[in-house]
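Structural overview for review
The primary structure of each chain is shown beneath.
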Amino acid sequence: MAYKTKISLLRFFPSGKFPLRLSAMGKEKQGSLSDRLLSLRHHLHESLSLGLKYNSGQEAKWVCIDAGMESHTLKRIDGFLDYLSLSLSQHPLIKESISKIIPALTGILKSHNVASQNYATEVTSKLVSIIQNNIRDYPTLEMIASLCHLLLLDRFACTTKSSCVIALSTILKKMSSVIGENHRKIKNILEANSIVGCISHLLNDEMEGFTETVVLLRTIVLGWPEMRYRVWKDNNLMKILEDNCDNSNISISTNVLKVLSSLALCSHGAKHLLENEALFRKIIRCMGKSSAVGVRIESLILFRHLVRFGELVSTVRNTNYETIVEAMTDAMAISNGGPLILEACRTMSVLTRGAGPHHLQLWVCNIDRISADIILRRFTYNQNLLGNKEILEVHQHVWDILSFLVAYLPQQFRPKSTGLDDLISSACSWALTVVGRRSRSMSSDILYLDEAVCRALLLMLLSPCNYVSQTSRSILSAQFEPYYDSISQLVERVFASLHSTSTGAVPTSQAISDLTILGCLATFPQYQTLILQWKGLNIFLDVIKGRLDGDILVDREKVMPHLRKLYTGKTCCSELVNDWEGADLSLFYALICLSQLIDASNYSIQDSTNSPFWRILRDDHIGEGPKSYCAYILSLFGVYGFPSNFGTKIGELSDMKALADIRFLLSAGYTLDVHGAILAARCPKLVPPNIEAVSDKMTIVKMSERVDKEALGKILGYVYTGFTELNDLDEGCFKKVKVLANNCSLESLSQMLNKEWPKWGSCGPHFNLAGALGLDGHPFLDVILEAKSSKQMSCKYSSCHLSTPHVHAHKIILCANCEYLRGLFSSGMHDSFSNLIKVPIDYEALIKLNKHFYHGKMPQVNPDCYWKSLTREEQISELIAYTELSSLAEYWFLEGVAEDCLSSMLPLLSYGNTDIEVIIEVVRFAYNLGQYRVVEMCVKNLAPIYPKLRYSGYIAETGDDVAEILRIEHVRLLENHSPNLQ
């Protein structure tokens, strides 16, 4: 037999010079590959040699078109695969055979013979199921294309299509982790073969192979997020998924829910799902205890993905919240739930992050008792816990849930059971343990649990609920009292370790745990003194400044591994809702600690505008939590509010009395002239009731004798700018400001004036004037901006009879953003009194301009799923609107508008995000409009593919001048040897 084997090998190595590995194999090789397998391999290679041809690059191609030869080769492959296993597929000889089998199968899949295609599909599925992940070691792009093409054909039996679906799904699943060019090429293949539409057709036609087809769909949307929009845009496919998400067949239901979960990782997909009320009700029903465990798990994951986006959170939390809470608490309470409890805890920790009616409903459903049962009884803190990652994760999520629950409790809340007391005592005991063992090095698992427990304890101490804050303070104080020396040593060690964090280094989980325990200590007067003795206030200031100057942000998810498991799959189109703590956790905790120490120290701020707190408040990239604590700290020094660039602009208009339309009459004959549009947007309570419409006459409002002129002036300063300084007020006037703020429903200002702790999850009043376009601001509309368009439209205001596209606006708000209009309205010329201004831009651009006027920033379109779902005409309209605004900005002196438009257009004009035809149309329009910066952007994006454009005829469409610019840029790239050339 060994002699025969040698003869077989000589067919493939005629020179007799075997590779070193083969020549040394001998009996070892015969032991690893059976004689039967070697014989099958020999016959297989004989058949393959008749159909495979090699090009100059030694790339194999199947060229045989004889049906009999195809059938014979497939039988050889099939028989060979019968003797293969995953382990054997790693053998060098077998790998060589597979490298020949794959091009053969790829070629036969393209055969004109239906029987050969059927058989090849089944054999391909068989091969992929055997070699599994090893498929990535072979060139499979053509095979993927062939399988996709076969699915488009209607001539196959269901079993053949099922084999094709399984093979394609398996290959794509293994290839989804591949990055770079191959990943992009696979996406192009899927799009070129309209795979999503094909799947929609398959699912619509028959139920056989339904599950396998749904699995293929999930593989595609999870591995290639760019394909998601094609799914949620396909109404037929979405209807099929809706109908089957609660299918009685558990396999179908769970796989459909997995597809929907993948779609919900896209914000536009999540919106689309939530717009379907019937589907949302089914998802909630699937979470209930009447569903199978597997279905409940998948529906919990889907629900978690739906609540991850900020703009959708309130919609989800306020809809059917009783049913949602009941389903989730039931899942958490199951004694032997295992994976179900874990997913329920994960989902609950996301759901409880924001305020809503579901919070109190959770207490009605005994969430404290259930949580205490998980922490204290079902799973205890012991070595087994720390050896079991899933149990550890459950504990971390339960502590997170508790921290959010106590942060949102109302002031007078009292629990019905002892579960909350047990959890408070447990958290305090854990903190005491932290104090006692901090000198020893700890495992990462314990440090992770330290952060979760101490964070929950910190939020208990800061809870707005009197019962929770007082109980936790009482227990912790009593437990800490005998250990003052240990706490002193802890503070010393922690401050020594915080030096690296203050210099901008990446904070470790140890540093975060240190800051949380310091935050707890800083709430007690006796430990405030201790912290200040160790120069803690200066250290916290250094940490804050270091984090601001550093370029490495570390949010909680980066430090705590259990948060990285909340979402399964790659997200797209929208960032996660930023945790209230913000993108830098150490900055947030340092601000909490500092806010506790200010009153106990002699720290002072000479110039608030030069302080790090002012810098944080004006930074749009810092989270709401840090900003809220900065606003609280500044309020301790007489500065109240949230300053912004837009607010500064509007504040400059307070002295523009020519456009004032309301006059407040105060006692002693004092008057204050104000602008109704600003009041309508920022403080509607100051707008006089029953104003019919704007007129040339000033609306006179007589104020109560009790309204103080200086106090009202401070309130108006806050309304116009977003902040106010009260350092110069005496106590009596300060009280009047507090009364006015409360009567005017300025909730955020009232909280700061009353020195209230920031409420967890609260958002500072973002400065915008969109409210002026509502009912309160309607009487003050005094100008119309008319677009250049021949289209007809009806106005939403019954008093307006203008039929051309236009928007209504307020002159005072236009003045804040446009120097040209400010000069026009104050010039006294005839046009300054006109209530109609013709704007030389189309209506789409006018809408964007008006949003800029009222929000202080240009609306952006991102190159995401939504952008790709637009038609070519819609994309051109968006890009032309930005181009027109860039041009208008030059003539109307619109500060920052041109730059905003260009930055918005840059990613949209990238070849790959937008079709060539769209870019060509935009560059031609921009050139004719004289917007050469837009032309330059387009040219830089198109220059690498200049040869392709020239051969396809696109160059001629741009015009001679643009064509020459493109040619010159391409030559420049050639001279620089750019790697981007195609």
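Residues numbered from 1 in each chain as written. Predicted model: local features only at pLDDT ≥ 70, side-chain atom pairs only at ≥ 80, totals over all residues. Heavy atoms only, no water.

Per an unreviewed UniProt entry, the protein carries the name BTB/POZ domain-containing protein and comes from Rhynchospora pubera. The protein has a UniProt comment under Pathway (unreviewed entry) that states "Protein modification; protein ubiquitination." (UniProt positions renumbered as here; feature names shortened; annotations may be inferred.)

Scanning all chains against the criterion turns up 37 salt bridges. Arg41 is the salt-bridge partner of Glu96, the closest N and O atoms lying 2.7 Å from each other. Of this pair, Glu96 sits in helix H6 (residues 92–109) while Arg41 sits in helix H4 (residues 35–51), and the two are 55 residues apart along the sequence. Relative accessible area serves as the criterion here: at 28%, Glu96 is assigned to the partly exposed category. What makes Arg41 buried here is its relative accessible area of 4%. Among the ionic pairs, Arg455 bridges to Asp400, the shortest N-O distance being 3.6 Å. (Salt bridge = Lys/Arg side-chain N within 4 Å of Asp/Glu carboxyl O. Helix = DSSP H or I, 4+ residues; strand = E, 2+ residues; numbered from the N terminus. Buried < 20%, exposed > 50% of the residue type's maximum accessible area, 1.4 Å probe, protein only.)

Here we have three strands laid out as an open sheet, ordered S9-S8-S10, and mixed in their pairing. Both edges of this open sheet fall to strand S9 (806–809) and strand S10 (836–839), since each of them pairs with a single strand only. For this sheet, the mean angle separating the axes of adjacent strands, direction not counted, is 25°. The sheet contact formed by strand S8 (residues 783–787) and S9 spans four bridges and is antiparallel. Bridge assignment links Leu785 to a residue of S9, and that residue is Val807. Each of S8, S9 and S10 touches helix H45 (residues 843–855); the most contacted strand, S9, lies at about 15° to it. (Pairing = 2+ DSSP bridges. Axes fitted to C-alpha atoms, helices over the stretch in contact; angles between N-to-C directions. Contact = heavy atoms within 4.5 Å.)

Of all hydrophobic cores here, the largest spans 332 residues; its most connected members are Ile195, Leu241, Leu260, Trp399, Phe540, Phe613 and Phe664. The dominant element in this core, judged by the number of residues it contributes, is helix H27 (residues 444–461), at 11 residues. With near-sequence residues (within four places) excluded, Phe664 lies in contact with Tyr670, Thr671, Leu672, Val674, Leu679, Leu686, Val701, Met703 and Leu712. Residues Leu781, Ile784, Cys795 and Tyr797 belong to the second largest nonpolar core, which totals five residues. (Core = buried A, V, L, I, M, F, W, Y, C linked by side-chain atoms within 4.5 Å.)

Moving on to the sheet that holds strand S6 (residues 699–702). Ordered in space as S5-S4-S6, the three strands form an open sheet in which the pairing is mixed. The two strands at the open ends of the sheet, each matched to only one other strand, are strand S5 (671–674) and S6. Within this sheet the neighbouring strands show an average axis-to-axis angle of 20°, counted without direction. Inspection of the sheet shows strand S4 (residues 662–665) paired to S5 by four bridges, in the antiparallel sense. Along S5, the bridge assignment pairs Leu665 with Thr671. Those strands touched by helix H40 (residues 709–721) are S4 and S5, and its axis lies near 10° from that of S5.

Note that Glu921 resides in helix H49 (residues 916–929). As a C-alpha pair, Glu921 and Leu879 span 42 residues in sequence and 9.6 Å in three-dimensional space.

The packing of two helices is summarised by the inter-axis angle and the distance between the axes. Running from amino to carboxyl end, helix H26 (residues 419–437) crosses helix H28 (residues 466–480) at an angle of 35°, the nearest separation of the two axes being 9 Å. Both H26 and H28 take part in a crossing whose hand is right-handed. Touching Leu420, Asp421, Ile424, Ser425, Cys428, Ser429, Ala431, Leu432 and Val435 of H26 are Tyr467, Val468, Thr471, Ser472, Ile475, Leu476, Gln479 and Phe480, all from H28. (Left-handed = near helix turned anticlockwise from the far one by under 90°.)

Its 14 residues place the ends of helix H18 (residues 293–306) 20 Å apart at the C-alpha level, agreeing with the 20 Å of an ideal helix rising 1.5 Å per residue. Among the 14 residues that make up H18, 12 are buried, leaving the element largely enclosed by the rest of the structure. Taken together, the buried positions of H18 are Val295, Arg296, Ile297, Glu298, Ser299, Leu300, Ile301, Leu302, Phe303, Arg304, His305 and Leu306. (Expected span 1.5 Å × (residues − 1).)

Below, the discussion takes up the environment of Asn236. Along the chain, Asn236 falls in helix H14 (residues 235–244). Its relative accessible area of 34% is what places Asn236 among the partly exposed residues. Here the alpha-carbon distance between Asn236 and His201, two residues 35 residues apart in the chain, equals 8.7 Å. Ignoring anything within four residues of it in the chain, the contact list for Asn236 reads Ser200 and Asn204.

Note that Pro840 resides in the loop between S10 and H45. Pro840 gets classed as exposed once you look at its relative accessible area, which sits at 54%. Ignoring anything within four residues of it in the chain, the contact list for Pro840 reads Lys788 and Leu888.

Another aspect to go through is the side chain of Lys174. With respect to the secondary-structure elements, Lys174 resides in helix H9 (residues 158–175). No salt bridge forms around the buried Lys174; measuring N to O, its nearest opposite-charge neighbour Asp137 is 12 Å away. (Lys, Arg positive; Asp, Glu negative; His and termini not counted.)

For helix H31 (residues 509–521), built from 13 residues, the straight-helix expectation of 18 Å at 1.5 Å per residue is met to within 8% by its first-to-last C-alpha distance of 19 Å. In terms of burial, H31 is largely enclosed, as 12 of its 13 residues are buried. Of the positions making up H31, those classed as buried are Ser509, Ala511, Ile512, Ser513, Asp514, Leu515, Thr516, Ile517, Leu518, Gly519, Cys520 and Leu521.

Where H31 contacts helix H35 (residues 585–597), the axes come no closer than 9 Å and their chain directions differ by 20°. Between H31 and H35, the interaxial angle falls into the category roughly parallel. Relative to H35, H31 is oriented so that their crossing is left-handed. On H35, the residues touching Ile512, Leu515, Thr516, Leu518 and Gly519 of H31 are Leu585, Ser586, Tyr589 and Cys593. (Parallel < 35°, antiparallel > 145°, perpendicular 65-115°, else oblique.)

By the definition in use, this model includes 20 aromatic pairs. Ring centres of Phe588 and Tyr629 lie 6.0 Å apart, and the angle between their planes is 80°; on these two criteria the pair is classed as edge-to-face. Within this pair, whereas Phe588 is found in helix H35, its partner Tyr629 is found in helix H37 (residues 624–635), the two being separated by 41 residues in sequence. Classification of Tyr629 as buried rests on a relative accessible area of 4%. A ring pair is formed by Tyr603 and Phe637, whose centres lie 5.9 Å apart and whose planes are at 80°; its orientation type is edge-to-face. Of the two residues, Tyr603 sits in the loop between H35 and helix H36 (612–617) while Phe637 sits in the loop between H37 and strand S3 (639–641), which places them 34 residues apart along the sequence. Ring pairs connect the aromatic residues Phe404, Trp580, Phe588, Tyr589, Tyr629 and Trp760, which therefore count as one cluster. Over the ring of Tyr718 we find Arg682; its NZ or CZ atom is 5.8 Å from the centre of that ring. The positively charged end of Lys709 is found above the aromatic ring belonging to Tyr670, 5.4 Å away from the centroid. (Phe/Tyr/Trp six-rings, centres within 6.5 Å; stacked < 30°, edge-to-face > 60°. Lys NZ or Arg CZ within 6 Å of the ring centre and 35° of its normal.)

With that out of the way, let us pick up unusual backbone geometry. Even without glycine at this site, Asn366 takes up a positive phi of about 60°. The residue Asn366 is located in the loop between helix H22 (358–364) and helix H23 (367–378) in this model. One non-glycine residue with positive phi stands out, namely Phe893, at about 55°. Mapped onto the fold, Phe893 is located in the loop between helix H47 (872–892) and helix H48 (897–908).

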